[in-house]
Structures are given as structure tokens and as C-alpha cells.
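Structure assessment
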Amino acid sequence: MQKDELLITASLARLELREDEIDRLDEAVSSMIEYFTVMDEIDVDDLEPTTHAFVRDNRTRDDLFSGDSSMPDRLIENSPEREDRFIVVPNVI
Amino acid sequence: MSWNTICGSRENADKYRAYIGEWENRIHSMLEYRVEHCEQGENRISGSLLSGMPFAAKDNIAVRDFKLTCGSRMLENLVSPYDATAVKRLKEAGCIPVAKTNMDEFGMGSSTDNSALLVTNNPWDTDRVTGGSSGGSAAAVAAGLVPFALGSDTGGSVRQPASFCGVYGLKPTYGAVSRFGLVSYASSLDVIGIMSRDISIIENVFNAVKGQDLNDQTSIEYRDSDSLSLAEKPVFSVLKNPEGLSLEVDEAYRNAAALLREKGYEVREIELPVLDYVVPAYYTIATAEASANLARYNGVRYGYRSSKGETPSELMKKTRDEGFGDEVKLRILLGTYVLRSGFQDRYYVKAQKIRTRIMNELDDVFRTSDLIMLPSFPVPAFRHGDESMSQYQQKVADKFTVTANLAGIPALSFPAGNYNSLPVGLQFFAPRYGEKMLLDAARIFENDYPVMNPQGFKTAEEIIG
Amino acid sequence: MFDTYIGLEIHIQLITDTKIFCSCRNSFGDPPNTNICPVCMGYPGVLPVLNKEAVRKSYIMCRALNCHLNEKAVFDRKNYFYPDLPKNYQITQFEYPFGINGYFENELDGELKRIRIHEAHLEEDAGKMIHEGLSSYCDYNRTGTPLLEIVTEPDFRTGEEVEAFLQNFRRTVRYLGVCDGNMEEGSMRCDANISINFPGKGLGRKVEIKNLNSSRNVKLALQYEQKRQWKMLKNNEFIIQETRLWDDEKKRTESMRSKEDANDYRYFPEPDLPPYFPDAEFLDSIEKAQVELPVARKNRFISEYTLTPDYAEFLTEERDRADFYESACTNGCDSQSAASWLKGDTAKALNVRKKSINETFLTVERFTELLKLLEEGRINNPTAKKVLEIIIDEDKSAEEVVAENGWEQLDNSEELEAFVDKVLSENGKALEQIKSGDMKPVGFLIGQVMKLSGGKADPKKVKEIITGRI
Ligand SMILES: [Mg+2]
Ligand SMILES: [Zn+2]
């Protein structure tokens, strides 16, 4: 894999790789991608991909409110930075 | 079962705490333990065999007011605001959560050495790993710290550590146990599993946690009538030419097959050509799903946040760089890569088709045999830092376990004797809804391969005695 | 001249009690971060649980848009990082949306035109961010609001056409009860894309316009953009494929600097949600929930009730109003006077009260009764207006109100003549004036008689008597 492909991938994944990590991960990722090419050998063109579990019936939930009234506050308290009831991040410029 | 009485008095709880403490100094299987929870024993449920029983849960399973670190710096200080459905059902049956166990970060690894928070040692030899990713659960069970523990199995993470530590490890049918509260690694493969030294406890726990859950729309209804039972004279399939096994595992595998024949069972030799492709297919699918599942850890709403970063994008990148370990980053990168436009068909879609092929091949085998017996892992517990077991080698070695996850079928790893003072485990595969078959098949070997005790092990009676 | 191609992406927030994938309230305007739970906050370990009502309303809309309903619908993950998107992927539908290949019958200035619908898919809304100084403030109440995204083909040619479409579309979603169609509050949102090219050359480079919060702004932005691109093409300038934002103050579009990374959303099937297979029984219930759509209904009103387009448009603007009108007609009201009373005084009274017709005590029966009283001459026009106000606010019939207040029109000529006599005798000057040929005071005299009668006299009759005397 080309290093710039790794960097594009890292950027899509929001991973900022430090210099020392780039080489290490580049090697590890490349050897796995290389390994994945084994899949080229098997002919499965006539098969449908399996993407889901075996649930066949439609699964939906009734449109009914339920909730624990203390939950919102507990969740807000877990945020690294907050002001009043807002969760704060640096400004999106 | 005196595990039911260990909770309920201050005195017993103190002895129990001391026993855990002794072991923990050597094996570090738990990220958090709180024995005071079982002092009162107020959870007694009459008629429940599990009533009053303490248990541990892997630290990627939500237990309200316990931590939920997933073995990651990213969530080191997160306390779960809710209970996983499996945990809730166990509490309703009278079980008492006492510990959260160590694991490879976000379930990614086969040694538990990928935990960012703690190094766990094998109770049989503290120089060795416990396996992973549910290594803490396996070690705690093997050392007798809890009668059972919950783990999670995405590609073998319950069965492989169970085999390394000499205990039983059940990976249920996909969807048989709700994933609600199990931190997702690969959603279409993940399932909560159970580890114990006692087949009946696994059976009782499975019956308590199984079945459809409104909070998990991939969970399945699991009525008694759905459960498959073992034929009187079940037919077993074994691999004709298992490749890449260590001497110990190879011997254990042959011995077990011979023993089955000796007992009068039919053992057929089969080939599973698709085994050559299961590992790349597994890592393609698992990392693809993981790349999305782990996107939520970005330092905004909870968990670790980098002190650097002037824009949200920078903040996220720095947070994720500082908060994730190498193996996690590797898998996120892989998963992101295989989903990128232009690469998706070659990797992700192809892997999903191979998955279909695996199901078809296994269906064919199950047409003529009831169970498949396979090694759990090609080697017994290896040493910390063993260079012959690089991260890459560990992945390649997952081929016997990942197959069950890709097919969504249940599997059980059982102890198959100790070789050179280390436990070796083998596993059975059954068709979907075959948990009862697996447990009954394990009972066939129960007397030949009893669960062994590592040095320093005490039974519940001995702990409080 | 150039050819213009305009397509729309419309997001409508579906009316449900709870969010699409969790049981939090789906409600607008609550204090920040009060309608949140581990699911919509993207906590570790939680899973989406699909809301039945969101599915039902989506299908109702898809069907009304004449879409082909896929036998199997699949949810997908759309991957991108943004602080307002807790999981950093949006659950949406990509390859197998609920509906595809539909159309919407649009109308502008009495002319019908079919706008093709590319697809309609269900997805989750993101949270809201307020940007202030060095920080952005995140509120996740909106996170997980069910959204139906409707994508049209590039079938529009002008901004006016789009404006009319949005108005008709808004009425449609309200008729179906799937969305309240409020563009200002953002429950209905619209992004437009426009491309311009030399005649016969097909689509040009697409420019997307965002930040459009009213149908008028959509029109203005498209007109602005059309002119801008015409000019560029004429001058042989290169039109960049980009996203532009409408600046409402400056009344122009401005280039949104392209994001730092090229997007690659890496769609893949959502493993946490099984595919959805609409079955015959369900589809039947969707069929039963269909209603005559506003454009069709308006045209029927014009022909069936011989109404002017103006009246028909007004009456069919809201479904409850159109229903009210039609029941009143069935109930025996004259179609013309019912229309004029509804568009006139009734609308005025409801406007003042900021209520829709179904939110008051006014029923079709009472409205019919009122018009009957008027038609039979038992009350006069001004009295009818007073009665209308009362039967809107109070649980009373028109008859009751008239009886209680003794407002029935005076029919007795003797009584009226006595009133006229009295007024004439008291207003000698006015009488003189009239006799000298100046008819101006007649109105004044009628007014005096009306006053004396307590409003109950029939003004026509009074006039007759007065002119008779003179
Ligand atoms: Mg969308
Ligand atoms: Zn919620």
C-alpha cells in the first residue's frame, strides 16, 4: 500500500498518526491488505453477500416514550467540557 | 453449590475478598472488583439456581455504576449509566456482579496483552498470556474467583482464552443473547459468551440470558422448542488434515477423536476448503464494522479528550491518536480502507460472499453429522511477548474460531487435557440453536477430561471454610 | 439562452412521539440536552431500535409520491465525523431505500407538471450546534429525529416552479399528517442543486445551494444562481462544481470553502438493523391512509363547486379546512356562500385566535345552521357575524345564540314603521335635506332605525319605508 493511501485512510478515520506510528502501521496495514488478496483466489461470484443476521420478521418498536428522568443529567455530566446544559467543543471554523 | 452462599454475610465476603486479592496480585484479571456488593445477598430469588451467585463481566459489557473501559485509555474513566440486557437478566435471576475483567482493547487481540490498562497473566503460568480478548474472564474463572463470567466472542474471544485457561467457553448462536450493552466491535459477528468450570452453570446462565430483547433488533426468539437436542448416537466430523497445529494441540485433537471412536461414536473425516479464506474474510468484515463502531469515540460527549486541538476535527484526531492503542488503530485503518470507494467490492463485498460460502459448506457438513470437532487454537497459551506469536501470526491462527462467527453458529470450547502442564482446549460446532447439543456433547468428555485446578485454586467451600 | 436544470433534496421531520431509534421524546424547543439517552448519545454498547410509526409515515409519504416500494429496504451507515453526529455515522438508506422512481404532480399558474422523484429514504437527524466565539455548543435533542429525505430528478427549470412545488409539497405533507412542514423551524428543509448548460447539451456542472429556510429564499437563491451562472457561461468562465450558501441578508449565494477532506462516506449495510420487508397487510394499511392530495383537490373544487382558483386554493390549503367545506356543502350549505363565509369572516376570526377550524367549537352543523338563518332572512349579515364569533368561542348552536340574545330579525312592519316615525320626527333637519333633493342623510336615518331596533331590523325594509315616506 502506498503511504499516501495510508494517510488518506487515516484522515477519513480521523486518526492523526505521529511520524513513528506511520511506518509501523504502514507495515502492519500493508501486510494485512496483502494477506486479504488471498480472497482473490476463491470464486464466489454467484453467491449473494451475507450482510445481516438471520432475523426474517420485521423488527420495529412501538412509538411510545420511555425514559429515566435522571439520565440526561448523568449523560451531560460525563462530557469532558460543558457549559450550562451544552456540550462544548472548539468552534467549527 | 456453595457459590450460592458465599454472598450474604460480612464474614464470607471478607474471606472471598481476600481470596480474590491473593490471586489478583499474581494474575491481574480484574479491572475492578467490588465484593461488598455481595455482603447483603439481598438479591435472593427463590427457585433460581443462580440466586446469590457472584459473577464477573468482561469490561466491554455494561454493568450500571461499574466502569466500562473496554481495556482502553479512551474509556478509562467511563462509568456505565445502564445495564446490558444479559446483565439485567442475570440480576433478575439473583446473580450479583462483582467484577469487571481485563480484555484486549475493544476486543481486538488474542492475548489480553492489548489491554491499555493492565497485563493479565495465565493462572497456570504467570509468564504466559491468558488468551483473548476475554482473557480476564477466563483467568478469573480458572482461578476460581467467580463461578462464571461473561465474555464476548467476535472471532473466538471466549473460546480461545477458555482453552488457554482450561475452562469451558460457550459462544452462543448469533442473536441468541442480546447484544444490548455489549460494546460493539463487529456487530454482525459479536455475541456475549459464557465461561465456567461447570457445564451446568453455563447451561443455567445461558437459559437465563437467552432470547429476544426489544433493545436488540438482531436478537432472536429462543423458545424451548427451538432448542436442538443431541441424537442418542451423534455423528461427529473432524478435519482430515488439520494444518499448522502445535504438537500438543495436534495430539489432543487426535486423542479426542480416538476417544470418541472408542466410545462407539461415528467420527467422519471431512475437509473444509473454505477454511483457507475465513481469516481474511473475517478480518475484512470485522475491521470494516469496527471502523464505524469505534467512530463514536471522539472526545466530544464522554471519555478521553485530548487537551490539544483547536478545531473539532483536530480535537477528534488528537483524541483518537492518544486514546487508542496500536492494534485498535491498525484495525480501524484496515476497516476504513476496505470500505473506501473503489476498494469495497474487492474486499468487503467479496468477504461477505465468502461468508455465504462458509455457511453453505457448514450446512453441507451438518447434513450428515451432528457436530464438528475442531481445535480451539493451534497452540496452547504462549508467553508474553513471544515473537513467534506476532500480532499477525495470532490473526492467522484464528481460523478455527472465526468460522463459527462468520456462520453465526454456536460453538463450545472444552478442556481436553493438560499437555506439558498447560491446558489444551478443543471445540464443537453445532447448527444454530444447538447450544444444548454442545453442552451435552461436552458431557461425554466430562470424566475423561475433568477441569483441572491451577496451583492455589480453592473451591467456594474452601474459600469460606 | 441556456437550459436550466434544478433538482431538490428535501428533508422532512416525521411527526412521531419518539425518536427514530430510541424512546426519547421527539419534540422541538425543549431546553438543551433534555431529550437524550445512551442510544441517541452514541454511548458504547447501545443499539438502534426502529420506530414503527416512523416507518409507517415514511411509506405513506412514499406511496403519495407514487414511488415504487422496494420489496426489501435496507439501512446503511454513512460514515463521516462531525460533533453533532454522536456515532459519527448516520443511519440512512443507500442501496435499497423505501421508495424509488415516483413523481409529484406540481402546479404553477394553473398548469400541471410532473416532477419525477428519484427516491425517498428514511434516516436520522443530527444534533444542533450554536457557534459563538471560540466554542461551539452542542445540543443533542434533535439527534435521532426521524427524517425522510426526498430526492427529485432535475426536472425544474425556474425558481418560481420550485417555489410553487415547495408550497404544494408542504400542503401535501400536512395533508398526510406526516410532517408539519415548517421551513422556518426546520421541520422541512430543502437543498437545491442547479446546473446550466448550452441548449441541448444536457446537464452542466452541478452547484448545490444550502441554507435555504423558506420557499421564497429557495426561489431567490435559484434566480440569483441562474443569473450568476448565465453570466459566467456567456463569458466562457468555468463553473466550479461546489456547494454554496444562501446569504439571506446580502441576498446572494456564497461559496462554502470546500471541506478539508474529500468525502468518501463508505456506505455499508447497517448490521444492527435487519432489513425491512413491507408485507401485503402493511401495504394495505398504507393504501388506506392515502388521501386526495391538495393540487388534485383544488382542481376538483374548481370544477365541482364552480369556485374561482383563489377560493379553491384557499379552501384546500389545509386539509381540515377543505374537509369542513365539503361537509358543509354536503350538509346543505350553498357552496358559494359557504366558501365566502369561510374565506372571509371565519378565516379572519380564526386568524385572530391563531387557531385552525378544528380547534374551536365551530362544527359543520352549527356553521350550516348559521348560513340557514341568514338565508331565510331570520338574521341579517351583521348579526350573523356576531353569532359566528360566539359559536367559535362557545359551545352553543347558532339558534341558541340568536334566541338568547333576541337577535332574530324584526319582521313586523308595524313595529318598523313606528321606529321610522320616531326617527323621522326626531330628525327634522335631515328630512328637510332629503326633501330638498340631497339623499345623503338616508343612510344616517337607516342607521338610526337600526340602532333603535337593536340591530334586528332588516335594513332593506327600513330603506323601503323611509323612501316611501318621502
Ligand atoms: Mg441524507
Ligand atoms: Zn434517546
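In what follows, the accompanying structure is described. Computed from a predicted structure; not experimentally measured.

On inspection of all chains with the given rule, the structure shows 81 salt bridges over all chains. Note that A:Glu16 is salt-bridged to B:Lys318, the shortest N-O span being 3.6 Å. Here A:Glu16 is found in the loop between helix H1 (3-12) and helix H2 (19-36), whereas its partner B:Lys318 is found in helix H9 (residues 312-323) on a different chain. Judged by its relative accessible area of 28%, A:Glu16 falls in the partly exposed class. With a shortest N-O distance of 3.3 Å, B:Asp440 and B:Lys436 are connected by a salt bridge.

With that settled, consider the sheet that holds strand S4 (residues 89-92) of chain C. Spatially, three strands are ordered S4-S3-S14 (chain C) in an open sheet, and the strand pairing comes out antiparallel. Of all the strands in the sheet, the pair left with one neighbour each is S4 and strand S14 (268-269) of chain C. Pairing of strand S3 (residues 76-79) of chain C with S4(C) involves four bridges; the strand directions are antiparallel. In the sheet register, C:Lys78 faces S4(C), and the bridge partner there is C:Gln90. Where helix H8 (residues 275-293) of chain B meets the sheet, its contacts fall on S3, S4 and S14 of chain C, and the angle it forms with S3(C) comes to roughly 60°.

Okay, the packing of H2(A) against H8(B) next. Between H2(A) and H8(B), whose axes approach to 9 Å, the crossing angle comes to 125°. It follows from the interaxial angle that H2(A) and H8(B) lie oblique. You can see that H2(A) and H8(B) cross each other, and the crossing is left-handed. Along its contact with H2(A), which presents A:Met32, A:Tyr35 and A:Phe36, the element H8(B) presents B:Val279, B:Pro280, B:Tyr283 and B:Thr284.

For the rest of this paragraph, the subject is the interface of chain B and chain A. Every contact between the two is made by 71 residues of chain B and, on the other side, 59 residues of chain A. Where chain B abuts chain A, roughly 5700 Å² becomes buried across the two surfaces, and 64% of that area is made up of carbon and sulfur atoms. Among the residues chain B hides against chain A, the three largest losses belong to B:Lys317, B:Leu333 and B:Lys353. Together they make up 11% of the total. Close ionic contact of B:Arg340 with A:Glu5 constitutes a salt bridge, the shortest N to O distance being 2.8 Å. For the pair chain B and chain A, the interface holds 21 residue pairs in polar contact (both at pLDDT 80 or more). Broken down by secondary-structure element, the contributors of at least two residues to the side of chain B that touches chain A are H8, H9, helix H10 (326-339), helix H11 (345-368) and helix H12 (391-396) of chain B. Among the elements that take part in the side of chain B that touches chain A, H11(B) stands out by supplying 13 residues, more than any other. Here the residues of the side of chain B that touches chain A are counted per class, giving 32 nonpolar, 17 polar and 22 charged.

Bringing the interface of chain B and chain C into the picture now. Taken together, the contact pairs 41 residues of chain B with 31 residues of chain C. For chain B, the biggest contributors to the area lost against chain C are B:Gln217, B:Arg296 and B:Arg301; these three give 24% of the whole. On the surface where chain B and chain C come into contact, there are one salt bridge. Put simply, chain B and chain C have 16 residue pairs in polar contact (both at pLDDT 80 or more) between them. Of all the elements in the fold, those that place two or more residues in the side of chain B that touches chain C are H8, H9 and H10 of chain B. Top contributing element to the side of chain B that touches chain C by residue count: H9(B), with five residues. Of the residues assigned to the side of chain B that touches chain C, the class counts are 20 nonpolar, 13 polar and eight charged.

The rules behind the values
- Residues numbered from 1 in each chain as written.
- Chains lettered and ligands numbered in written order.
- Predicted model: local features only at pLDDT ≥ 70, side-chain atom pairs only at ≥ 80, totals over all residues.
- Heavy atoms only, no water.
- Salt bridge = Lys/Arg side-chain N within 4 Å of Asp/Glu carboxyl O.
- Helix = DSSP H or I, 4+ residues; strand = E, 2+ residues; numbered from the N terminus.
- Buried < 20%, exposed > 50% of the residue type's maximum accessible area, 1.4 Å probe, protein only.
- Pairing = 2+ DSSP bridges.
- Contact = heavy atoms within 4.5 Å.
- Axes fitted to C-alpha atoms, helices over the stretch in contact; angles between N-to-C directions.
- Parallel < 35°, antiparallel > 145°, perpendicular 65-115°, else oblique.
- Left-handed = near helix turned anticlockwise from the far one by under 90°.
- Buried area = accessible area lost by both parts, 1.4 Å probe.
- Polar contact = N/O pair within 3.5 Å; in protein donor to acceptor, adjacent residues only side chain to side chain.
- Nonpolar A, V, L, I, M, F, W, Y, C, P; charged D, E, K, R; others polar.

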